[in-house]
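# Survey of secondary and tertiary structure
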Amino acid sequence: MFSDTLVSLYQPRQMLRALQLLPKPLTFIQDTFFKERIGATAEAVDVDFYKGKRKLAPFVNMKVNGEVVERDSYVTDTYKPPLVAPEMIITVEDLQKRMAGETIYDGSGASGADRVNRRLGACQAKDLVEMRNSVTRRIEWMCSTLLCTGKIPIKGKGVDQELDLSKYWNYQDLTQDPKTNWDNLEVDIFAQIRKWKRKFVSQSGLTCDIMIFGSNALDRLYANTGWQKQQQYIQTKLGDYQPKIQSEGLMLVAVVLGVEIYTYEEEYLDDQDLDSLGQPKAKQMIDVNKVIISSTQVNNKIIFGLLYMVEGLGTTNIPLVPETFIDKKAKNLLQRLSSRPLPVPTNIDGFITATVCTGADPVFVKTAESENAEREDNSTNTAKKSIK
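Description of the structure in this document. (Residues numbered from 1 in each chain as written. Predicted model: local features only at pLDDT ≥ 70, side-chain atom pairs only at ≥ 80, totals over all residues. Heavy atoms only, no water.)

## Some thoughts on the overall build of the chain
Counting its secondary structure elements, the chain contains 9 helices and 22 strands. Looking at the 388 residues of the chain, the share that counts as buried comes to 42%. By element, 52% of the accessible surface of the chain is carried by carbon and sulfur atoms, the whole surface being about 21,800 Å². (Helix = DSSP H or I, 4+ residues; strand = E, 2+ residues; numbered from the N terminus. Buried < 20%, exposed > 50% of the residue type's maximum accessible area, 1.4 Å probe, protein only. Areas by Shrake-Rupley, 256 points an atom, 1.4 Å probe, with all protein chains shown as cover.)

Have a look at this one:
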């Protein structure tokens, strides 16, 4: 049933070429913040985290030599990229059944063996797509979880560990103060965006040009009184408030003060958090109560660790390695797709993660800023009535 000649068509080299042609799921976080891909040359990798500074060159007297300046400081940690390796099995029974979408009478006159071989190829291609999507989605989850928490929990079959970069991360929790908690719909969100921009450029040396809002944070933005006042204008000197769908799950909400505000609602099934029926819960890639502040110019990468190949090919550090194994005794074919990804935020100051709301019902709590704005509006309206 599973002949060596047939399966040789699906060896790693041939399968790698096929993988490059398969469509990928949405990878907005990877494509925006982790553009560089590097293959590791050892089992463990040393990762350098640096904090960019904006130092001025020193002045010196014409008659003396130059002045020695210190290099930017950096910290080195050692990590082992975790292994991601989904497997899928094709049995004889699978090949004897009609596949989804396959017509009972195709009119081709193909023999039973030809139909089985055709189903084998189709089944392998379908499994490759499914496994590649799951690996790609796992890498996207690793990047998103790192941005939201500063950590990447690694839990699965025979593994329970955590990559913890939280000691380097830049956190803000605005929910501790009613004057900054976005559950209060009177909060001045525009002032907060200006503060984030100034803090980001100060700590990273980069210009903040992108923010990603979780779904609850976006709801608070839309319900905010200050934001609603701006909606009478589609475009102003301060920004463009017309939402634009970029792709499935991704929307450009607005451009405010030169910053593109996005909401990213790509979902995944959390296999570590089950519901009452034992099924994984659906969650969004970006924490619903958080805002990620960053720049599209941050220099980050994904390192892919060494993989040991079974078929006598030694080791490799490419992003995805497909392999096929035949168990003639059990009469099945096992297909595996392996990867060892490690997202690395080289410039650790290239991100600010802010918790802006709690998910509780929004309230109206007047702040000094909102009261002043209300008095100004009332004065303006009174003046207009007097003129009339």
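## Points about helix α6 (residues 189-204)
Helix length check: α6 (16 residues) gives 22 Å between terminal C-alpha atoms against 22 Å at 1.5 Å per residue, within 8%. Those residues of α6 lying buried are I189, F190, A191, Q192, I193, W196, F200, Q203 and S204. Residue G205 follows α6 closely and has a positive phi angle near 80 degrees. (Expected span 1.5 Å × (residues − 1).)

## With respect to the pairing of strand β16 (residues 301-304)
Sheet analysis places strand β1 (residues 36-39) next to β16, joined by 4 bridges and oriented parallel. Bridging from a neighbouring strand, I38 pairs with I303 of β16. (Pairing = 2+ DSSP bridges.)

## Brief notes about the nonpolar core
In summary, soluble globular proteins display a tendency toward joint burial of nonpolar side chains. If you look at the biggest cluster of nonpolar residues, it comprises 46 residues, and the most contacted ones within it are I29 and F33. Here this core takes 10 residues from helix α5 (residues 112-149), the largest share from any one element. (Core = buried A, V, L, I, M, F, W, Y, C linked by side-chain atoms within 4.5 Å.)

## Here's the deal with the pairing of strand β21 (residues 341-344)
Working note: regular strand, side chains alternate between the two faces of the sheet. Here β21 shows no split at all, with P341 and P343 on one side and L342 and V344 on the other all buried. Here 4 bridges tie β16 to β21, and the two strands are oriented antiparallel to one another. From the neighbouring strand, I302 faces β21, where its bridge partner is P343.

## Re the pattern of salt bridges
Applying the stated criterion across every chain, the model contains 8 salt bridges. One salt bridge in this structure joins R340 and E43, with 3.3 Å as the shortest N-O distance. Highlighted residues: R340 in the loop between β20 (332-338) and β21 and E43 in the loop between β1 and β2 (45-50), separated in sequence by 297 residues. Residue E43 is classed as partly exposed on the basis of its relative accessible area of 30%. In this structure, D273 engages K281 in a salt bridge whose closest nitrogen and oxygen atoms are separated by 3.7 Å. With a relative accessible area of 24%, D273 lands in the partly exposed category. If you follow the salt bridges from partner to partner, you end up with D270, D273, K281 and K283 in one network. (Salt bridge = Lys/Arg side-chain N within 4 Å of Asp/Glu carboxyl O.)

## Remarks on the sheet that holds strand β19 (residues 321-327)
Across the sheet, 3 strands lie side by side as β4-β20-β19; this open sheet has antiparallel pairing. The open sheet has two edge strands with one neighbour each: β4 (87-91) and β19. Within this sheet the neighbouring strands show an average axis-to-axis angle of 20 degrees, counted without direction. Where β4 and β20 come together, 5 bridges link them in antiparallel fashion. Its bridge partner being in β20, I89 is matched across the sheet by L334. (Axes fitted to C-alpha atoms, helices over the stretch in contact; angles between N-to-C directions.)

## A look at the side chain of T136
Assignment of secondary structure puts T136 in helix α5. Setting aside anything within four residues of it in sequence, one finds T136 in contact with P25, T27 and Q30. (Contact = heavy atoms within 4.5 Å.)

## Observations regarding the sheet that holds β21
In spatial order, the strands read β1-β16-β21; together these 3 strands make up an open sheet with mixed pairing. The open sheet has two free edges, formed respectively by β1 and β21, since each of these has just one partner strand. Going across the sheet, the axis of each strand differs from the next one's by a mean of 25 degrees, ignoring polarity.

## Description of the packing of aromatic side chains
Under the criterion given, the structure shown has 7 aromatic pairs. A centroid spacing of 5.5 Å and a plane angle of 75 degrees characterise the contact between F33 and F351, whose relative ring orientation is edge-to-face. With F33 in helix α3 (residues 28-33) and F351 in strand β22 (residues 351-355), this pair connects stretches of sequence that are 318 residues apart. You can call F33 buried: its relative accessible area is 1%. What makes F351 buried here is its relative accessible area of 0%. Seen in terms of ring centroids, W169 and F351 are 5.8 Å apart; in terms of plane orientation they differ by 10 degrees. Their pairing is stacked. (Phe/Tyr/Trp six-rings, centres within 6.5 Å; stacked < 30°, edge-to-face > 60°.)

## Brief notes about unusual backbone geometry
With phi around 55 degrees, L257 is a residue other than glycine that occupies positive phi space. Within the secondary structure, L257 is located in the loop between β11 (250-256) and β12 (259-264).

## Overview of the side chain of N300
Within the fold, N300 resides in the loop between β15 (290-294) and β16. A distance of 3.1 Å separates a polar side-chain atom of N300 from the backbone oxygen of F33. Of note is the side chain of N300, whose polar atom sits 3.0 Å from the backbone nitrogen of T346. Not counting the four nearest positions on each side in its chain, N300 is found in contact with F33, F34, K35, E36, V344, P345, T346, N347 and F351. (Polar contact = N/O pair within 3.5 Å; in protein donor to acceptor, adjacent residues only side chain to side chain.)

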